[in-house]
Amino acid sequence: MPGQSAGRPAPPAGRHLPPPGGFTPPRGGVKRTPGDLALLGGPPAFPHPLTVGRPNPVDRTRLFQRLTWALDNQWHSNGGPLSLEFEARVADLAGTRHAVATCNATSALQLLFRALDLSGEIIMPSLTFAATAHAAQWLGLTPVFVDTDPRTGLIDPRLARAAITPDTAAVVGVHLWGRPCDARALEKTAADHGLPLLLDAAHALGCTLDGTPVGGFGAAEVFSFHATKIVGAFEGGAVVTDDEDLARRVRALANFGKGLEHVSAAGGTNAKMSEAAAAMGLTSLDALPRHIADNHDRHRVYREELDGVPGITLLPFDPAERHNHQYVVIDIDPERTGIGRDLLLDLLRAENALVLPPIGAPPCHLLEPYRSTRPVSLPHTEALTARVLSLPTGPTAAPEGIRRLCEIVRFAVAHGAELTRRCRTPRTESR
Ligand SMILES: *Cc1c(COP(=O)(O)O)cnc(C)c1O
């Protein structure tokens, strides 16, 4: 590895690192018969893994400049200049008056629940990352899961309305995989019942709904700056809102409740963003336009390569809106492809294309503790999460690699029935 000094332990060989100079697809590994597939003993198509969810790269020189500056400035946390600059830039992107930076998005959600003094039930989609539900559960609130619109995989506003009871404290919508949920309908439902609407926008920085940037809907929205999101701060989150008093309470609760006259019985906590995280977040924000442009290119290649493959649908995006395309999700119709999601997943992973079920699969209501304590059946969510797959994107997925991967998908679908016959071993391992 270039620049690695002698005596330091080497990183695990080739596990996450493409070779210096980037990934070059191999000449060999072409699939002519099913026996050429790696799952059936052929050589893997990718000598270096094609990955999902690796951090987007940043300009290291700029990052180290900011970190050096923070050290010289001798201000490491508690609303330092870098975190304030980060907040200003996040509010700007979201089109909101306020942004409060936090240590992560899970804490940001909890701060919001506390700042609104919620108790009782929180209506939310089951098809989301566990954090949305766990944030509520951890505070003694009860997540009430509703089914999704089968066409979009997003929370169905009519079902959210139907789930409201006298115990409902709030509604939480999720912009899953960067596609905004129907925040307008949810806003109306929440307003009709005098409830706050909050939005988990962890996937949707830089996306729009009706041309309006995600961030400005409901009482407040929450972004995540976890390493795997489009903008990363190593770990980080933010609450964005136009409500000045809400922002003030969130900020105070994140700092032990200092300065608040009326703190709920639970008191404040520590959920501040450090200057080191803000330095990373700012440097990652600098790269946001480039990452979005690159993601668009990669998404376009997927679109072209998978267009017309029977039973494979790239999840649609509204072309009139802006998207960050951080997630490339396909729906696999088991009947039309003859192959099904799980076998396609095993097959691609054997080729070293490290595809995964997307965030939200399995859905929250099938996770503990919800599965045991409050079993529910959500047919659309269950059907959809058994059919979807997250495909590699990001800097390790060069267009050539994506074309190669799509070629294997097309090959697998062309031989779907035969492959299913030959690979009947049931899948046990899951994420
Ligand atoms: C990542 C994520 C979160 C949690 O974000 P953290 O910053 O990791 O706490 C919440 N909701 C969704 C939908 C996510 O994908």
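Residues numbered from 1 in each chain as written. Predicted model: local features only at pLDDT ≥ 70, side-chain atom pairs only at ≥ 80, totals over all residues. Heavy atoms only, no water.

Side note on the overall build of the protein
- Each helix and strand in the protein was counted, giving 15 helices and twelve strands.
- Whereas a compact globule of 431 residues would reach a radius of gyration of roughly 22 Å, the protein reaches 22 Å, a difference of no more than 12%.
- With the C-alpha coordinates aligned to their principal axes, the bounding extent of the protein is approximately 70 × 55 × 40 Å.
- By residue count, 52% of the 431 residues in the protein fall in the buried class.
- Considering only contacts in the protein between residues 6 or more positions apart, those separated by 24 or more positions represent 70%. (Helix = DSSP H or I, 4+ residues; strand = E, 2+ residues; numbered from the N terminus. Rg over C-alpha atoms; globule rule 2.2 N^0.38 Å. Buried < 20%, exposed > 50% of the residue type's maximum accessible area, 1.4 Å probe, protein only. Contact = heavy atoms within 4.5 Å.)

Observations concerning the sheet that holds strand S4 (residues 168–174)
- Taken in spatial order, the seven strands of this open sheet run S1-S9-S8-S5-S4-S2-S3, and their pairing is mixed. At either end of the open sheet lies a strand with only one pairing partner, and these are strand S1 (98–102) and strand S3 (142–146). Neighbour to neighbour, the strand axes of the sheet diverge by 25° on average, direction disregarded.
- In terms of strand pairing, S1 meets strand S9 (residues 237–241) through five bridges, oriented antiparallel. Bridged to His-98 within S9 is Thr-241.
- Helix-sheet contacts for helix H7 (residues 244–253) involve S1, strand S8 (220–224) and S9, and the interaxial angle to S1 is about 15°. (Pairing = 2+ DSSP bridges. Axes fitted to C-alpha atoms, helices over the stretch in contact; angles between N-to-C directions.)

Description of the pairing of strand S2 (residues 121–125)
- Most of S2 is tucked away, with five of its five residues classed as buried.
- Across the two faces of S2 the burial is the same, with Glu-121, Ile-123 and Pro-125 and Ile-122 and Met-124 all buried.
- Bridge analysis of S2 against S3 gives five bridges, and the strand direction is parallel. When the bridges of S3 are listed, Ile-123 appears paired with Val-144.
- Inspection of the sheet shows S2 paired to S4 by three bridges, in the parallel sense. Of the residues in S4, the one forming a bridge with Glu-121 is Thr-168.

Examining the domain arrangement of the protein
- One can read the domain layout of the protein as domain 1 (34–54 + 287–355 + 391–423) and domain 2 (60–286).
- On a C-alpha basis, the centroid separation for the pair domain 1 and domain 2 is 31 Å.
- Residue-level contacts link 17 residues of domain 1 with 22 residues of domain 2.
- Between domain 1 and domain 2 lies a buried interface of about 1,700 Å² when both sides are counted; carbon and sulfur atoms form 55% of it.
- It is Leu-288, Arg-322 and Tyr-327 in domain 1 that bury the most area against domain 2; as a group they hold 36% of the surface buried on that side.
- The interface formed by domain 1 and domain 2 holds 14 residue pairs in polar contact (both at pLDDT 80 or more) in total.
- When its residues are assigned to classes, the side of domain 1 that touches domain 2 shows nine nonpolar, six polar and two charged. (Domains from an automatic or database assignment. Buried area = accessible area lost by both parts, 1.4 Å probe. Polar contact = N/O pair within 3.5 Å; in protein donor to acceptor, adjacent residues only side chain to side chain. Nonpolar A, V, L, I, M, F, W, Y, C, P; charged D, E, K, R; others polar.)

Observations concerning the packing of helix H9 (residues 288–306) against helix H14 (residues 399–414)
- Following both chains from N to C, one finds H9 and H14 inclined at 30°, their axes separated by 9 Å at the closest point. If you check the angle between H9 and H14, you find them roughly parallel. Judged by the twist between their axes, the crossing of H9 over H14 is right-handed. Seen from H9, the contacting residues are Arg-298, Val-301, Tyr-302, Glu-305 and Leu-306; seen from H14, they are Pro-399, Ile-402, Arg-403, Leu-405, Cys-406, Val-409 and Arg-410.
- Grouping the constituent residues of the contact of H9 with H14 by class yields eight nonpolar, no polar and four charged. (Parallel < 35°, antiparallel > 145°, perpendicular 65-115°, else oblique. Left-handed = near helix turned anticlockwise from the far one by under 90°.)

Regarding the site of the ligand
- Near the ligand there are 14 residues, and of these Thr-106, Asp-200, His-203, Ser-224 and Lys-229 occur at the shortest range.
- Between the ligand and Asp-200, the relevant distance is 2.6 Å, taken from a nitrogen atom to a side-chain nitrogen or oxygen of the residue.
- The side chain of Ser-224 places a nitrogen or oxygen atom 2.7 Å from an oxygen atom of the ligand.
- Taken by itself the ligand offers 380 Å² of open surface, and the protein chains cover 94% of this. (Near = heavy atom within 4 Å. Areas by Shrake-Rupley, 256 points an atom, 1.4 Å probe, with all protein chains shown as cover.)

Let's talk about the pattern of salt bridges
- By the definition in use, this model includes 21 salt bridges.
- A salt bridge links Arg-184 to Asp-210; the nearest nitrogen and oxygen atoms lie 3.4 Å apart. Of the two residues, Arg-184 is situated in helix H6 (residues 183–192) and Asp-210 in the loop between strand S6 (208–209) and strand S7 (212–213); the sequence distance between them amounts to 26 residues.
- The partner of Arg-422 in a salt bridge is Glu-418, and the shortest N-O contact between them spans 3.3 Å. Taken together, the residues span about one helical turn, with Arg-422 and Glu-418 both in helix H15 (residues 416–422) at a distance of four residues.
- Residues joined in a network through salt bridges with shared partners are Glu-305, Glu-400, Arg-403 and Arg-410. (Salt bridge = Lys/Arg side-chain N within 4 Å of Asp/Glu carboxyl O.)

A look at the side chain of Ser-284
- Within the fold, Ser-284 resides in helix H8 (residues 275–286).
- When its relative accessible area of 3% is taken as the criterion, Ser-284 is described as buried.
- Polar contacts involving the side chain of Ser-284 include one to the main-chain amide nitrogen of Gly-232, which spans 3.0 Å.
- For Ser-284, the contacting residues outside a window of four places in its chain are Val-58, Ile-230, Val-231 and Gly-232.

What about unusual backbone geometry?
- Following Ala-361, the chain continues into Pro-362 via a peptide bond in cis, with omega recorded as 0°.
- Looking at where Pro-362 falls in the secondary structure, it is placed in the loop between helix H11 (341–350) and helix H12 (370–373).
- Of the consecutive residues Glu-368 and Pro-369, the connecting peptide bond is found in the cis state with omega at 5°.
- Along the polypeptide, Pro-369 turns up in the loop between H11 and H12.

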